[in-house]
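An overview of the molecular structure
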Amino acid sequence: MHDEKATPEPDDSTDGYSRRALLRTAGVAGAGIGLGALTGGAAEAADVREAEDGPAVPDRKGATMIGVPFERRATVRVGIVGLGNRGGSMIDLFLAVPGVRVTALCDPVKEKTERAAKKVTEAGRPAPATYTKGEHDFVHLCERGDIDFVYVSSPWDWHFEMAKTAMLHGKHVGVECPISLRLDQLWELVDLSERTRRHCVQLENCCYGRNEMRVLRMAHAGLFGDLLHGAGAYNHDLRNLMFDPDYYEGPWRRQWHTRMRGDLYPNHGFGPVASYMDVNRGDRVTHISSFGTPSLGLSQYRAAHMPKTDPSWKESYIESDRTISLLQTAKGRVIRLEHDVSTPHPYSRINSLGGTKGVFEDYPERIYIEPDHTNDEWGDFSAYTEWDHWLWKEHSDPPGGHGGMDYIMVFRLMQCVRLGLVPDFDVYDAATWTSPVPLSHASIKAKGAPQQIPDFTRGLWKKKRAGTDSEKPKE
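Here is a short report on the structure shown in this document. Source: prediction; values computed, not measured. (Residues numbered from 1 in each chain as written. Predicted model: local features only at pLDDT ≥ 70, side-chain atom pairs only at ≥ 80, totals over all residues. Heavy atoms only, no water.)

1. Describing the overall build of the protein
In plain terms, the rule: Runs of H or I in DSSP of at least four residues are treated as helices and runs of E of at least two as strands, each being numbered from the N terminus. Type-normalised accessible area, obtained with a 1.4 Å probe on protein chains alone, sets the label of each residue: buried when under 20%, exposed when over 50%, and partly exposed for intermediate values. Contacts: residue pairs with any heavy atoms within 4.5 Å of one another. Only the protein chains shown count as cover for residues, and the accessible areas themselves come from Shrake-Rupley with a 1.4 Å probe.
When its secondary structure is counted, the protein shows 16 helices and 16 strands. Residue burial in the protein is summarised as follows: out of 475 residues, 61% are buried. Partitioning the contacts of the protein with sequence separation of at least 6, the portion at a separation of at least 24 is 77%. For the protein, the accessible surface area stands at approximately 17,700 Å², while carbon and sulfur atoms represent 50% of it.

Here is the structure:
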(Lines give C-alpha, C1' and ligand atoms only; values in the text may rest on other atoms or scores of the structure.)
Protein backbone atom coordinates (compact mmCIF):
# COMPACT_ATOMS: atom_id res chain seq x y z
CA MET A 1 0.00 0.00 0.00
CA HIS A 2 1.44 3.31 -1.02
CA ASP A 3 0.76 6.98 -0.56
CA GLU A 4 -0.39 8.92 -3.56
CA LYS A 5 2.49 11.36 -3.98
CA ALA A 6 5.16 9.70 -1.91
CA THR A 7 8.16 7.64 -2.93
CA PRO A 8 6.86 4.10 -3.35
CA GLU A 9 6.92 2.11 -0.15
CA PRO A 10 6.46 -1.63 0.25
CA ASP A 11 3.04 -3.17 0.63
CA ASP A 12 4.52 -6.54 1.58
CA SER A 13 7.84 -8.09 2.34
CA THR A 14 10.27 -9.03 -0.41
CA ASP A 15 12.27 -11.35 1.78
CA GLY A 16 13.89 -14.69 1.13
CA TYR A 17 10.71 -16.67 1.64
CA SER A 18 9.66 -15.69 -1.88
CA ARG A 19 11.74 -18.10 -3.95
CA ARG A 20 10.99 -21.06 -1.72
CA ALA A 21 7.30 -20.28 -1.46
CA LEU A 22 6.97 -20.24 -5.22
CA LEU A 23 8.34 -23.76 -5.41
CA ARG A 24 5.51 -24.96 -3.18
CA THR A 25 2.88 -23.69 -5.60
CA ALA A 26 4.69 -24.10 -8.92
CA GLY A 27 2.24 -26.80 -9.94
CA VAL A 28 -0.59 -24.30 -10.27
CA ALA A 29 1.36 -21.39 -11.74
CA GLY A 30 0.27 -20.54 -15.25
CA ALA A 31 -2.92 -22.59 -15.04
CA GLY A 32 -4.84 -20.94 -12.22
CA ILE A 33 -5.91 -22.48 -8.93
CA GLY A 34 -8.96 -24.71 -9.12
CA LEU A 35 -12.20 -23.32 -7.81
CA GLY A 36 -12.47 -26.11 -5.27
CA ALA A 37 -9.19 -25.18 -3.62
CA LEU A 38 -10.06 -21.50 -3.56
CA THR A 39 -13.64 -21.59 -2.36
CA GLY A 40 -13.90 -24.89 -0.55
CA GLY A 41 -14.78 -24.13 3.07
CA ALA A 42 -14.10 -25.99 6.25
CA ALA A 43 -17.75 -26.96 6.06
CA GLU A 44 -16.85 -29.54 3.44
CA ALA A 45 -15.00 -31.62 6.03
CA ALA A 46 -16.84 -30.73 9.23
CA ASP A 47 -20.29 -30.82 10.74
CA VAL A 48 -22.23 -27.86 9.39
CA ARG A 49 -25.43 -25.98 10.03
CA GLU A 50 -27.43 -23.69 7.80
CA ALA A 51 -27.04 -20.00 8.53
CA GLU A 52 -30.17 -17.85 8.49
CA ASP A 53 -29.06 -15.66 5.60
CA GLY A 54 -26.03 -17.26 4.01
CA PRO A 55 -24.22 -20.47 3.14
CA ALA A 56 -23.68 -23.35 5.53
CA VAL A 57 -21.07 -22.64 8.17
CA PRO A 58 -19.04 -25.08 10.27
CA ASP A 59 -20.01 -25.61 13.86
CA ARG A 60 -18.04 -23.55 16.33
CA LYS A 61 -15.06 -25.39 17.81
CA GLY A 62 -14.59 -22.91 20.66
CA ALA A 63 -16.12 -19.80 22.19
CA THR A 64 -16.27 -16.64 20.11
CA MET A 65 -13.33 -14.22 20.16
CA ILE A 66 -15.66 -11.24 19.85
CA GLY A 67 -15.11 -8.93 22.81
CA VAL A 68 -12.17 -10.93 24.17
CA PRO A 69 -9.42 -8.62 25.49
CA PHE A 70 -5.70 -9.20 25.30
CA GLU A 71 -3.94 -10.12 28.53
CA ARG A 72 -2.62 -6.95 30.13
CA ARG A 73 1.19 -6.68 29.97
CA ALA A 74 3.67 -4.10 31.24
CA THR A 75 5.84 -4.76 28.18
CA VAL A 76 4.72 -6.33 24.90
CA ARG A 77 7.34 -8.75 23.58
CA VAL A 78 7.24 -8.95 19.79
CA GLY A 79 8.68 -11.43 17.30
CA ILE A 80 8.94 -10.34 13.67
CA VAL A 81 8.84 -12.82 10.78
CA GLY A 82 9.85 -11.46 7.37
CA LEU A 83 12.34 -8.60 7.14
CA GLY A 84 12.16 -7.52 3.53
CA ASN A 85 10.90 -4.11 2.42
CA ARG A 86 7.82 -4.08 4.64
CA GLY A 87 9.08 -5.89 7.72
CA GLY A 88 12.44 -4.16 7.55
CA SER A 89 10.75 -0.78 7.75
CA MET A 90 7.98 -1.66 10.21
CA ILE A 91 10.52 -2.69 12.83
CA ASP A 92 11.33 1.02 13.22
CA LEU A 93 7.75 1.66 14.30
CA PHE A 94 7.67 -1.17 16.84
CA LEU A 95 10.86 0.29 18.31
CA ALA A 96 9.23 3.75 18.44
CA VAL A 97 6.19 2.65 20.48
CA PRO A 98 6.55 2.85 24.27
CA GLY A 99 6.23 -0.40 26.19
CA VAL A 100 7.29 -2.64 23.29
CA ARG A 101 10.37 -4.85 23.04
CA VAL A 102 11.46 -6.69 19.91
CA THR A 103 12.77 -9.99 21.24
CA ALA A 104 13.20 -12.15 18.12
CA LEU A 105 13.62 -11.77 14.37
CA CYS A 106 13.32 -14.26 11.52
CA ASP A 107 14.20 -14.20 7.82
CA PRO A 108 16.00 -16.80 5.70
CA VAL A 109 18.18 -14.03 4.28
CA LYS A 110 20.77 -13.64 7.03
CA GLU A 111 21.86 -10.16 5.96
CA LYS A 112 18.32 -8.79 6.38
CA THR A 113 18.01 -10.28 9.83
CA GLU A 114 21.37 -8.86 10.86
CA ARG A 115 20.40 -5.42 9.54
CA ALA A 116 17.16 -5.48 11.51
CA ALA A 117 18.91 -6.72 14.66
CA LYS A 118 21.33 -3.82 14.41
CA LYS A 119 18.38 -1.41 14.47
CA VAL A 120 17.27 -2.94 17.75
CA THR A 121 20.66 -2.60 19.45
CA GLU A 122 21.23 0.89 18.05
CA ALA A 123 17.95 1.87 19.72
CA GLY A 124 19.49 0.87 23.03
CA ARG A 125 17.53 -2.36 23.41
CA PRO A 126 18.82 -5.87 24.17
CA ALA A 127 19.97 -7.80 21.12
CA PRO A 128 17.12 -9.93 19.73
CA ALA A 129 17.35 -13.64 19.02
CA THR A 130 17.69 -14.32 15.29
CA TYR A 131 16.38 -17.17 13.13
CA THR A 132 17.88 -17.56 9.66
CA LYS A 133 18.23 -21.32 9.18
CA GLY A 134 15.89 -22.06 6.34
CA GLU A 135 12.32 -21.44 5.34
CA HIS A 136 10.73 -23.04 8.43
CA ASP A 137 12.89 -21.44 11.11
CA PHE A 138 9.94 -19.22 11.99
CA VAL A 139 8.53 -22.23 13.84
CA HIS A 140 11.38 -21.99 16.34
CA LEU A 141 10.67 -18.29 16.85
CA CYS A 142 7.04 -19.13 17.61
CA GLU A 143 8.14 -21.76 20.14
CA ARG A 144 9.85 -19.18 22.34
CA GLY A 145 8.36 -18.40 25.73
CA ASP A 146 9.30 -14.70 25.68
CA ILE A 147 7.04 -13.59 22.82
CA ASP A 148 3.52 -12.24 23.24
CA PHE A 149 2.78 -11.13 19.68
CA VAL A 150 4.08 -12.33 16.30
CA TYR A 151 4.12 -9.88 13.39
CA VAL A 152 4.10 -11.59 9.96
CA SER A 153 5.39 -9.74 6.91
CA SER A 154 6.30 -12.47 4.43
CA PRO A 155 5.11 -13.10 0.86
CA TRP A 156 1.46 -14.07 0.62
CA ASP A 157 2.12 -17.80 0.14
CA TRP A 158 3.29 -18.02 3.76
CA HIS A 159 0.73 -15.88 5.60
CA PHE A 160 -1.68 -18.68 6.51
CA GLU A 161 0.98 -21.13 7.64
CA MET A 162 2.76 -18.55 9.80
CA ALA A 163 -0.44 -17.27 11.43
CA LYS A 164 -1.52 -20.83 12.17
CA THR A 165 1.88 -21.72 13.66
CA ALA A 166 1.90 -18.65 15.89
CA MET A 167 -1.52 -19.41 17.37
CA LEU A 168 -0.73 -23.10 17.87
CA HIS A 169 2.24 -21.99 19.97
CA GLY A 170 0.14 -19.67 22.10
CA LYS A 171 0.96 -16.37 20.43
CA HIS A 172 -1.32 -13.58 19.27
CA VAL A 173 -0.54 -12.79 15.64
CA GLY A 174 -0.92 -9.91 13.21
CA VAL A 175 -0.53 -10.53 9.48
CA GLU A 176 0.01 -8.20 6.54
CA CYS A 177 -2.59 -8.27 3.75
CA PRO A 178 -4.06 -10.61 2.65
CA ILE A 179 -4.24 -12.98 5.59
CA SER A 180 -4.82 -15.94 3.23
CA LEU A 181 -6.09 -16.47 -0.31
CA ARG A 182 -8.31 -19.52 0.23
CA LEU A 183 -11.72 -19.70 1.84
CA ASP A 184 -11.06 -22.95 3.67
CA GLN A 185 -7.95 -21.43 5.22
CA LEU A 186 -9.91 -18.37 6.36
CA TRP A 187 -12.31 -20.69 8.17
CA GLU A 188 -9.39 -22.58 9.68
CA LEU A 189 -7.91 -19.37 11.08
CA VAL A 190 -11.28 -18.44 12.59
CA ASP A 191 -11.65 -21.87 14.18
CA LEU A 192 -8.07 -21.87 15.42
CA SER A 193 -8.38 -18.41 16.97
CA GLU A 194 -11.46 -19.56 18.87
CA ARG A 195 -9.87 -22.83 19.95
CA THR A 196 -6.50 -21.41 21.06
CA ARG A 197 -8.00 -18.17 22.50
CA ARG A 198 -5.37 -16.22 20.56
CA HIS A 199 -6.20 -13.19 18.44
CA CYS A 200 -5.42 -13.30 14.72
CA VAL A 201 -5.73 -9.85 13.17
CA GLN A 202 -5.36 -8.49 9.66
CA LEU A 203 -2.99 -5.55 9.91
CA GLU A 204 -5.04 -3.16 7.80
CA ASN A 205 -3.22 0.15 8.07
CA CYS A 206 -5.70 2.03 5.87
CA CYS A 207 -8.29 1.77 8.63
CA TYR A 208 -6.00 4.12 10.55
CA GLY A 209 -5.53 6.76 7.85
CA ARG A 210 -6.43 10.25 8.98
CA ASN A 211 -9.13 10.71 6.35
CA GLU A 212 -10.55 7.26 6.97
CA MET A 213 -10.77 7.79 10.72
CA ARG A 214 -12.36 11.21 10.31
CA VAL A 215 -15.00 9.84 7.91
CA LEU A 216 -15.57 6.96 10.34
CA ARG A 217 -16.37 9.27 13.23
CA MET A 218 -18.55 11.50 11.06
CA ALA A 219 -20.48 8.49 9.77
CA HIS A 220 -21.07 7.13 13.26
CA ALA A 221 -22.22 10.58 14.40
CA GLY A 222 -24.87 10.58 11.66
CA LEU A 223 -23.45 13.36 9.48
CA PHE A 224 -24.00 11.27 6.33
CA GLY A 225 -27.49 10.22 7.41
CA ASP A 226 -28.49 6.63 6.81
CA LEU A 227 -25.59 4.97 5.02
CA LEU A 228 -26.35 3.62 1.55
CA HIS A 229 -23.17 2.93 -0.40
CA GLY A 230 -19.39 2.95 -0.20
CA ALA A 231 -16.40 2.18 -2.38
CA GLY A 232 -12.78 1.23 -1.94
CA ALA A 233 -9.94 0.15 -4.17
CA TYR A 234 -6.34 -0.69 -4.71
CA ASN A 235 -5.64 0.99 -8.04
CA HIS A 236 -1.89 1.38 -8.25
CA ASP A 237 0.46 0.94 -11.18
CA LEU A 238 2.91 -1.73 -9.96
CA ARG A 239 4.16 -2.93 -13.34
CA ASN A 240 7.71 -1.66 -12.96
CA LEU A 241 7.99 -2.96 -9.39
CA MET A 242 6.63 -6.40 -10.24
CA PHE A 243 9.32 -6.81 -12.90
CA ASP A 244 12.06 -5.37 -10.67
CA PRO A 245 14.06 -8.26 -9.12
CA ASP A 246 15.53 -5.91 -6.51
CA TYR A 247 12.14 -4.79 -5.19
CA TYR A 248 10.18 -8.03 -4.95
CA GLU A 249 12.88 -10.60 -4.32
CA GLY A 250 11.90 -13.25 -6.80
CA PRO A 251 8.72 -13.23 -8.90
CA TRP A 252 6.25 -14.19 -6.15
CA ARG A 253 4.02 -11.11 -6.42
CA ARG A 254 3.87 -11.20 -10.20
CA GLN A 255 3.23 -14.94 -10.32
CA TRP A 256 -0.07 -14.55 -8.48
CA HIS A 257 -1.20 -13.01 -11.76
CA THR A 258 -0.69 -16.42 -13.38
CA ARG A 259 -2.99 -18.12 -10.85
CA MET A 260 -6.10 -16.04 -10.25
CA ARG A 261 -8.46 -13.66 -12.04
CA GLY A 262 -10.07 -11.89 -9.09
CA ASP A 263 -9.30 -9.09 -6.67
CA LEU A 264 -5.95 -10.08 -5.16
CA TYR A 265 -5.75 -7.20 -2.69
CA PRO A 266 -9.19 -6.05 -1.47
CA ASN A 267 -8.31 -5.23 2.14
CA HIS A 268 -7.10 -1.64 1.77
CA GLY A 269 -10.37 -0.58 0.17
CA PHE A 270 -12.75 -2.93 1.96
CA GLY A 271 -11.49 -2.52 5.54
CA PRO A 272 -12.28 1.20 5.92
CA VAL A 273 -15.71 0.95 4.24
CA ALA A 274 -16.57 -2.08 6.37
CA SER A 275 -15.67 -0.01 9.42
CA TYR A 276 -17.90 2.88 8.30
CA MET A 277 -20.82 0.50 7.87
CA ASP A 278 -20.22 -1.52 11.06
CA VAL A 279 -19.80 -4.76 9.11
CA ASN A 280 -19.73 -7.61 11.66
CA ARG A 281 -21.03 -5.06 14.19
CA GLY A 282 -24.67 -4.66 13.19
CA ASP A 283 -24.49 -5.43 9.48
CA ARG A 284 -22.72 -8.00 7.36
CA VAL A 285 -21.81 -8.58 3.73
CA THR A 286 -23.84 -11.39 2.19
CA HIS A 287 -23.01 -11.62 -1.54
CA ILE A 288 -20.36 -10.56 -4.04
CA SER A 289 -20.55 -10.30 -7.82
CA SER A 290 -17.32 -9.62 -9.69
CA PHE A 291 -16.32 -8.82 -13.26
CA GLY A 292 -12.87 -8.65 -14.79
CA THR A 293 -11.27 -7.23 -17.91
CA PRO A 294 -8.89 -9.15 -20.15
CA SER A 295 -5.34 -9.62 -18.86
CA LEU A 296 -3.17 -7.48 -21.14
CA GLY A 297 -1.20 -5.01 -19.06
CA LEU A 298 1.63 -7.17 -17.73
CA SER A 299 2.19 -8.90 -21.07
CA GLN A 300 2.40 -5.59 -22.90
CA TYR A 301 4.72 -4.13 -20.27
CA ARG A 302 6.96 -7.20 -20.52
CA ALA A 303 7.09 -6.91 -24.31
CA ALA A 304 8.12 -3.26 -24.07
CA HIS A 305 10.64 -3.49 -21.23
CA MET A 306 11.96 -7.01 -20.62
CA PRO A 307 14.60 -8.82 -22.70
CA LYS A 308 13.59 -12.10 -24.29
CA THR A 309 15.99 -13.88 -21.94
CA ASP A 310 14.08 -12.76 -18.83
CA PRO A 311 12.40 -15.65 -16.93
CA SER A 312 9.08 -13.76 -16.97
CA TRP A 313 8.61 -14.79 -20.60
CA LYS A 314 7.72 -18.27 -19.35
CA GLU A 315 4.71 -16.84 -17.49
CA SER A 316 1.13 -16.67 -18.79
CA TYR A 317 -0.96 -14.00 -17.06
CA ILE A 318 -4.66 -14.57 -16.38
CA GLU A 319 -5.34 -11.96 -13.67
CA SER A 320 -7.84 -9.37 -14.88
CA ASP A 321 -6.18 -6.01 -15.36
CA ARG A 322 -9.11 -4.46 -13.53
CA THR A 323 -11.64 -6.22 -11.35
CA ILE A 324 -14.84 -4.56 -10.21
CA SER A 325 -16.88 -6.18 -7.47
CA LEU A 326 -20.24 -5.28 -5.98
CA LEU A 327 -21.02 -6.47 -2.47
CA GLN A 328 -24.46 -6.44 -0.85
CA THR A 329 -25.01 -6.18 2.89
CA ALA A 330 -27.80 -7.60 5.03
CA LYS A 331 -29.19 -4.06 5.39
CA GLY A 332 -29.25 -3.62 1.61
CA ARG A 333 -26.22 -1.35 1.34
CA VAL A 334 -23.85 -1.66 -1.64
CA ILE A 335 -20.04 -1.66 -1.56
CA ARG A 336 -17.94 -1.37 -4.72
CA LEU A 337 -14.38 -2.72 -4.74
CA GLU A 338 -11.79 -2.28 -7.50
CA HIS A 339 -8.34 -3.74 -8.10
CA ASP A 340 -5.87 -2.70 -10.81
CA VAL A 341 -2.08 -2.94 -10.54
CA SER A 342 -1.36 -3.71 -14.21
CA THR A 343 -2.29 -0.54 -16.12
CA PRO A 344 -1.28 3.15 -16.00
CA HIS A 345 -3.29 4.81 -13.25
CA PRO A 346 -2.59 7.40 -10.54
CA TYR A 347 -2.72 5.88 -7.07
CA SER A 348 -6.25 5.68 -5.66
CA ARG A 349 -8.09 3.80 -2.95
CA ILE A 350 -11.33 5.63 -3.96
CA ASN A 351 -12.47 5.69 -0.29
CA SER A 352 -16.04 6.87 -0.81
CA LEU A 353 -19.06 6.85 1.47
CA GLY A 354 -22.60 8.04 0.76
CA GLY A 355 -25.83 8.32 2.68
CA THR A 356 -29.14 10.14 2.80
CA LYS A 357 -27.49 13.41 3.90
CA GLY A 358 -24.45 13.50 1.65
CA VAL A 359 -21.26 11.92 0.37
CA PHE A 360 -17.48 11.89 0.82
CA GLU A 361 -15.04 10.99 -1.93
CA ASP A 362 -11.26 10.74 -1.73
CA TYR A 363 -8.47 11.11 -4.33
CA PRO A 364 -8.84 14.05 -4.21
CA GLU A 365 -10.67 14.49 -0.90
CA ARG A 366 -13.99 16.30 -1.13
CA ILE A 367 -17.30 16.31 0.70
CA TYR A 368 -20.90 17.31 0.16
CA ILE A 369 -23.32 17.03 3.07
CA GLU A 370 -26.50 18.82 4.00
CA PRO A 371 -27.04 21.40 5.30
CA ASP A 372 -23.38 22.52 5.00
CA HIS A 373 -23.19 22.46 1.21
CA THR A 374 -25.52 23.66 -1.54
CA ASN A 375 -25.52 24.54 -5.24
CA ASP A 376 -23.96 21.22 -6.27
CA GLU A 377 -20.46 22.36 -5.27
CA TRP A 378 -18.05 20.17 -3.33
CA GLY A 379 -17.02 21.34 0.11
CA ASP A 380 -13.61 21.52 1.79
CA PHE A 381 -12.94 18.37 3.82
CA SER A 382 -10.22 20.14 5.81
CA ALA A 383 -12.97 22.16 7.50
CA TYR A 384 -13.93 19.03 9.46
CA THR A 385 -10.79 18.54 11.55
CA GLU A 386 -12.93 18.66 14.69
CA TRP A 387 -13.99 15.12 13.76
CA ASP A 388 -10.44 13.76 13.77
CA HIS A 389 -10.06 10.57 15.78
CA TRP A 390 -8.36 10.93 19.16
CA LEU A 391 -5.40 8.93 17.83
CA TRP A 392 -4.72 11.63 15.24
CA LYS A 393 -5.27 14.42 17.73
CA GLU A 394 -2.77 12.78 20.06
CA HIS A 395 -0.29 11.94 17.27
CA SER A 396 -0.68 14.81 14.82
CA ASP A 397 2.69 14.19 13.15
CA PRO A 398 3.37 10.46 13.46
CA PRO A 399 6.60 8.91 12.18
CA GLY A 400 6.82 6.27 9.49
CA GLY A 401 5.37 5.69 6.08
CA HIS A 402 2.02 6.04 4.35
CA GLY A 403 1.33 9.43 5.88
CA GLY A 404 1.69 8.11 9.43
CA MET A 405 -1.07 5.50 9.32
CA ASP A 406 1.46 2.68 9.83
CA TYR A 407 2.59 4.14 13.14
CA ILE A 408 -0.97 4.84 14.27
CA MET A 409 -1.86 1.20 13.57
CA VAL A 410 1.17 -0.19 15.43
CA PHE A 411 0.71 2.21 18.33
CA ARG A 412 -2.95 1.34 18.77
CA LEU A 413 -2.42 -2.41 18.43
CA MET A 414 0.40 -2.44 20.95
CA GLN A 415 -1.64 -0.20 23.26
CA CYS A 416 -4.49 -2.72 23.18
CA VAL A 417 -2.10 -5.56 24.04
CA ARG A 418 -0.30 -3.61 26.75
CA LEU A 419 -3.47 -2.35 28.47
CA GLY A 420 -5.44 -5.55 28.05
CA LEU A 421 -8.06 -4.10 25.69
CA VAL A 422 -10.24 -5.70 23.04
CA PRO A 423 -8.58 -5.24 19.62
CA ASP A 424 -10.19 -2.78 17.21
CA PHE A 425 -10.72 -5.62 14.73
CA ASP A 426 -10.45 -9.38 15.03
CA VAL A 427 -10.20 -12.67 13.14
CA TYR A 428 -13.79 -12.32 11.86
CA ASP A 429 -12.88 -9.01 10.24
CA ALA A 430 -9.69 -10.53 8.84
CA ALA A 431 -11.64 -13.36 7.20
CA THR A 432 -14.41 -11.07 5.94
CA TRP A 433 -12.08 -8.46 4.45
CA THR A 434 -10.04 -11.15 2.67
CA SER A 435 -12.93 -13.31 1.42
CA PRO A 436 -13.28 -11.26 -1.81
CA VAL A 437 -9.98 -12.77 -2.99
CA PRO A 438 -11.28 -16.30 -3.66
CA LEU A 439 -14.91 -15.29 -4.11
CA SER A 440 -14.21 -12.64 -6.76
CA HIS A 441 -12.15 -15.21 -8.66
CA ALA A 442 -15.05 -17.66 -8.49
CA SER A 443 -17.57 -15.02 -9.57
CA ILE A 444 -15.48 -13.91 -12.55
CA LYS A 445 -15.09 -17.52 -13.70
CA ALA A 446 -18.87 -17.87 -13.38
CA LYS A 447 -19.44 -14.75 -15.54
CA GLY A 448 -20.36 -12.53 -12.61
CA ALA A 449 -22.65 -14.96 -10.81
CA PRO A 450 -23.15 -13.89 -7.18
CA GLN A 451 -21.15 -15.77 -4.56
CA GLN A 452 -22.36 -16.04 -0.98
CA ILE A 453 -20.02 -14.56 1.61
CA PRO A 454 -19.84 -16.71 4.74
CA ASP A 455 -20.90 -15.38 8.10
CA PHE A 456 -17.63 -15.93 9.92
CA THR A 457 -19.20 -14.61 13.15
CA ARG A 458 -21.80 -17.40 13.06
CA GLY A 459 -24.71 -15.04 13.69
CA LEU A 460 -23.04 -12.66 16.14
CA TRP A 461 -22.76 -9.88 13.55
CA LYS A 462 -26.20 -8.63 14.61
CA LYS A 463 -24.88 -7.30 17.91
CA LYS A 464 -23.54 -3.74 17.89
CA ARG A 465 -20.05 -3.42 19.30
CA ALA A 466 -17.04 -1.16 19.21
CA GLY A 467 -14.46 -1.16 16.43
CA THR A 468 -11.87 1.27 15.11
CA ASP A 469 -14.00 4.19 16.32
CA SER A 470 -12.62 3.70 19.83
CA GLU A 471 -12.61 5.73 23.00
CA LYS A 472 -9.27 6.92 24.32
CA PRO A 473 -8.32 4.54 27.14
CA LYS A 474 -6.99 5.51 30.53
CA GLU A 475 -3.40 4.46 31.06
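Structure shown, so let's carry the discussion forward.
2. Observations concerning helix H11 (residues 267-276)
Buried residues dominate H11, accounting for 10 of its 10 residues. Looking only at H11, the buried set comprises Asn-267, His-268, Gly-269, Phe-270, Gly-271, Pro-272, Val-273, Ala-274, Ser-275 and Tyr-276. Looking one or two places after H11, you find Asp-278, whose phi comes out positive at around 55 degrees.

3. As for the sheet that holds strand E16 (residues 451-452)
Quick reminder of the rule: At least two DSSP bridges between two strands are needed for those strands to be called paired. To get an axis, a line is fitted to the C-alpha atoms, and for a helix only the part in contact is used. The angle between two axes follows their N-to-C directions and goes from 0 to 180 degrees.
Taken together, the 8 strands give an open sheet; going across it, the order is E15-E14-E13-E9-E12-E11-E10-E16, and neighbouring strands pair in mixed fashion. Looking at which strands have only one partner, the edges of the open sheet turn out to be strand E15 (366-369) and E16. Taken together, the 7 bridges between strand E10 (residues 285-292) and strand E11 (residues 323-329) define a ladder with antiparallel strand orientation. Bridge assignment links His-287 to a residue of E11, and that residue is Gln-328. Running over the sheet, H11 touches strand E9 (227-235), E10, E11, strand E12 (334-340) and strand E13 (352-355) and is turned about 160 degrees from E9.

4. A closer look at the packing of aromatic side chains
Heads up, the condition is: Note on aromatic contacts: the rings of Phe and Tyr and the six-membered ring of Trp form a pair at centre separations within 6.5 Å, being stacked when their planes are under 30 degrees apart, edge-to-face when over 60 apart, and tilted otherwise.
Applying the stated criterion across every chain yields a total of 16 aromatic pairs. For the ring pair Phe-243 and Tyr-301, a centre distance of 5.4 Å and an interplane angle of 25 degrees mean the geometry is stacked. One end of the pair, Phe-243, is in the loop between helix H9 (239-242) and helix H10 (252-255); the other, Tyr-301, is in helix H12 (residues 297-305), with 58 residues separating them in the sequence. Take Phe-243 and Tyr-301: they sit in the same class, and that class is buried.

5. Structural notes on the pairing of E15
Pairing geometry for strand E14 (residues 358-361) and E15, over 4 bridges, is antiparallel. Across the sheet, Phe-360 pairs through a bridge with Ile-367, a residue of E15.

6. Things to note about the pairing of strand E3 (residues 76-81)
Our working definition: A clockwise course of the path from the first strand over the helix to the second, judged with the strands pointing away from the viewer, identifies a crossover as right-handed.
Within E3, 5 of the 6 residues are buried, which leaves it mostly tucked inside the rest of the structure. Where E3 lies against strand E4 (residues 100-106), 6 bridges are found, and the strand directions are parallel. Residue pairing in the sheet places Val-78 in a bridge with Val-102 of E4. For the handedness criterion, the β-α-β arrangement of E3, helix H3 (residues 85-96) and E4 is classed as right-handed. Pairing of E3 with strand E6 (residues 149-152), which is carried by 4 bridges, proceeds in the parallel orientation. Across the sheet, Gly-79 pairs through a bridge with Val-150, a residue of E6.

7. A closer look at H12
Stated formally: Note: the arc covers the axis-to-C-beta directions of the helix.
When H12 is considered as a whole, its buried residues turn out to be Gly-297, Leu-298, Tyr-301 and Arg-302. An end-on view of H12 places all buried positions within 130 degrees of arc, on one side of the element. Within H12, the exposed residues directed more than 90 degrees away from the buried face are Gln-300, Ala-303 and Ala-304. Buried residues along H12 sit against H9 and H10.

8. Topic: the pattern of salt bridges
Heads up, the rule is: The rule for a salt bridge is simple: a side-chain nitrogen of Lys or Arg has to be within 4 Å of a carboxyl oxygen of Asp or Glu.
Scanning the model with the defined rule gives 31 salt bridges in all. Between Asp-92 and Lys-119 there is a salt bridge, and its shortest N-O distance comes to 3.2 Å. Residue Asp-92 is located in helix H3, and its partner Lys-119 is located in helix H4 (residues 110-122); the two are separated by 27 residues in the primary sequence. Its relative accessible area of 26% is what places Lys-119 among the partly exposed residues. With a shortest N-O distance of 3.1 Å, Glu-338 and Arg-336 are connected by a salt bridge. According to the relative accessible area criterion, Glu-338 is buried, its value standing at 10%. Using a relative accessible area of 32% as the deciding quantity, one classes Arg-336 as partly exposed. Overlapping salt bridges bring together Glu-71, Arg-73, Arg-77, Asp-148 and Arg-198 as one network.

9. Notes on the packing of helix H8 (residues 210-220) against H11
Stated formally: Put simply, angles under 35 degrees are roughly parallel, angles over 145 are roughly antiparallel, angles from 65 to 115 are roughly perpendicular, and the rest are oblique. By definition, turning the near helix anticlockwise from the far helix through less than a right angle yields a left-handed crossing, and turning it clockwise yields a right-handed one. Three classes are used: nonpolar for Ala, Val, Leu, Ile, Met, Phe, Trp, Tyr, Cys and Pro, charged for Asp, Glu, Lys and Arg, and polar for all others, with Gly counted as polar.
Two elements in contact, H8 and H11, have axes whose closest approach is 9 Å; the angle formed by their N-to-C orientations is 25 degrees. The pairing of H8 with H11 is recorded here as roughly parallel in orientation. The crossing of H8 and H11 is right-handed. For the pair H8 and H11, the contacting residues are Glu-212, Val-215, Leu-216, Ala-219 and His-220 in the first and Pro-272, Ser-275 and Tyr-276 in the second. Residues belonging to the contact of H8 with H11 are distributed by class as follows: 5 nonpolar, 2 polar and 1 charged.

10. A few points about empty space enclosed by the protein
Rule in force here: Only protein atoms enter the calculation, which uses a 1 Å grid: trapped sets of points that fit a 1.4 Å probe without letting it out are cavities, open sets showing protein on both sides within 12 Å along at least five of seven lines are pockets, and any residue with an atom within 4 Å of a point is a lining residue. Grid points are joined across faces, edges and corners, and a volume is the space filled by probe spheres set on the points.
Applying the stated criterion to the full structure yields 2 cavities of 30 Å³ or more. Considered as a void within the structure, the largest cavity measures approximately 80 Å³ in volume. Forming the walls of the largest cavity are Val-201, Leu-203, Tyr-208, Met-409, Arg-412, Leu-413, Cys-416, Pro-423, Asp-424 and Phe-425. In terms of residue class, the lining of the largest cavity is made up of 8 nonpolar, no polar and 2 charged. Here the second largest cavity is characterised by a volume of approximately 30 Å³. Lining the second largest cavity, in full, are Met-90, Phe-94, Tyr-151, Leu-203, Met-409, Val-410 and Leu-413.

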